[in-house]
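# Inside the fold
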Amino acid sequence: MAALADRYFQRISPFLKAGLEIAPESKDGNAARKVEREGKEILKKIRERDFVVVLDEGGGETDSLSFARWLSEMLDGTDGRIVFVIGGAFGLSGEVRDRANHLLSLSKMTMPHELCRVFLLEQVYRACTILRGVDYHH
């Protein structure tokens, strides 16, 4: 799945400046401590002016066209970066959720974070092609 995520990430680069950073997974065997440690690492990488989008099954769902319009508005109206946060295997800490400016759900179903990354990157690429009129979205 990492190769597929990399492919979409490369496809995004001609459209917008993007970075992909994956917080190191905590090796702690205790799920609660793992989530807490991973959360602290995520928060270290978020700047004050960033607009933080946390992927969460309780967040709002959208279709691809609406997501493209929303992304365009965020790109035009945000002083900082747009940061998408995907939780690890055990989810996200309360501190990370509290930092969110927006909650987004890709699906009500639970999926592995690696698959979520591919899904999100594909949708960002799709949004870029919609906004630029590139023939990709059907």
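Note that the coordinates shown come from a computational prediction; the quantities given were computed from them, not determined experimentally.

## Points about the overall build of the protein
Along the protein, the regular secondary structure elements total five helices and three strands. Element order for the protein, N to C, with α for helix and β for strand: α-α-β-α-β-α-β-α. For 138 residues, the compact-globule estimate of 2.2 N^0.38 gives 14 Å, and the C-alpha radius of gyration of the protein, at 15 Å, lies within 12% of that figure. Each of the 138 residues in the protein was classed as buried or not, and the buried ones make up 40%. Long-range pairs, those at least 24 residues apart, make up 78% of the contacts in the protein with a sequence separation of at least 6. Surface summary for the protein: the accessible area is close to 8500 Å², and the carbon and sulfur share equals 51%. Each charge sign in the protein was given a centre, from 20 positive and 21 negative side chains, and these centres are 4 Å apart.

## So, helix α3 (residues 64-77)
Taking 1.5 Å of rise per residue, 14 residues should cover 20 Å, and α3 covers 20 Å from first to last C-alpha, within 8% of that figure. Of all the positions in α3, only Ser 64, Phe 67, Ala 68, Trp 70, Leu 71 and Met 74 are classed as buried. Buried residues in α3, looked at end-on, bunch into an arc of 165°, giving them a common side. Residues Arg 69, Glu 73, Asp 76 and Gly 77 are exposed on α3 and point more than 90 degrees away from its buried face. Those residues of α3 that are buried are in contact with β1 (51-60), β2 (82-85), β3 (102-104) and α5 (113-132). A distance of 3.1 Å separates the backbone nitrogen of Leu 65 from a side-chain oxygen at the start of α3, and that oxygen is part of Asp 63.

## Topic: the nonpolar core
Soluble globular proteins tend to pack their nonpolar side chains together in the buried interior. The biggest cluster of nonpolar side chains holds 26 residues, and the ones touching the most others in it are Val 53, Phe 67, Trp 70, Leu 71 and Val 124. Beyond its immediate chain neighbours, meaning those up to four positions away, Trp 70 contacts Phe 51, Val 53, Phe 84 and His 102. With eight residues, the next largest nonpolar core counts Ile 46, Val 83, Leu 92 and Val 96 among its residues.

## Examining the sheet that holds β2
The parallel open sheet is built from three strands, whose spatial order is β2-β1-β3. The sheet is open, and its two borders are formed by β2 and β3, each paired with just one other strand. Between one strand and the next, the sheet's axes are offset by a mean angle of 40°, whatever the strand orientation. Pairing analysis gives four bridges linking β1 to β2, with the strands arranged parallel. In the sheet register, Val 52 faces β2, and the bridge partner there is Val 83. Strands β1, β2 and β3 of the sheet are contacted by α3, whose axis makes an angle of about 130° with β2.

## What about helix α1 (residues 2-12)?
Those residues of α1 that fall on the buried side of the exposure criterion are Ala 5, Tyr 8, Phe 9 and Ile 12. Looking straight down α1, one finds that the buried residues subtend no more than 105° of arc, so they occupy a single side. Away from its buried face by more than 90 degrees, α1 exposes Ala 3 and Gln 10.

## Here we look at the pattern of salt bridges
What the rule picks out here adds up to seven salt bridges. In this structure, the salt-bridge partner of Lys 40 is Glu 36, at a minimum N-O distance of 3.7 Å. Within this pair, Lys 40 and its partner Glu 36 are both found in helix α2 (residues 31-44), separated by four residues, close to a single helical turn. The partly exposed category is assigned to Lys 40, whose relative accessible area is 43%.

Conventions we followed
- Residues numbered from 1 in each chain as written.
- Predicted model: local features only at pLDDT ≥ 70, side-chain atom pairs only at ≥ 80, totals over all residues.
- Heavy atoms only, no water.
- Helix = DSSP H or I, 4+ residues; strand = E, 2+ residues; numbered from the N terminus.
- Rg over C-alpha atoms; globule rule 2.2 N^0.38 Å.
- Buried < 20%, exposed > 50% of the residue type's maximum accessible area, 1.4 Å probe, protein only.
- Contact = heavy atoms within 4.5 Å.
- Areas by Shrake-Rupley, 256 points an atom, 1.4 Å probe, with all protein chains shown as cover.
- Lys, Arg positive; Asp, Glu negative; His and termini not counted.
- Charge placed at Lys NZ, Arg CZ, Asp CG, Glu CD.
- Expected span 1.5 Å × (residues − 1).
- Arc of directions from axis to C-beta.
- Polar contact = N/O pair within 3.5 Å; in protein donor to acceptor, adjacent residues only side chain to side chain.
- Core = buried A, V, L, I, M, F, W, Y, C linked by side-chain atoms within 4.5 Å.
- Pairing = 2+ DSSP bridges.
- Axes fitted to C-alpha atoms, helices over the stretch in contact; angles between N-to-C directions.
- Salt bridge = Lys/Arg side-chain N within 4 Å of Asp/Glu carboxyl O.

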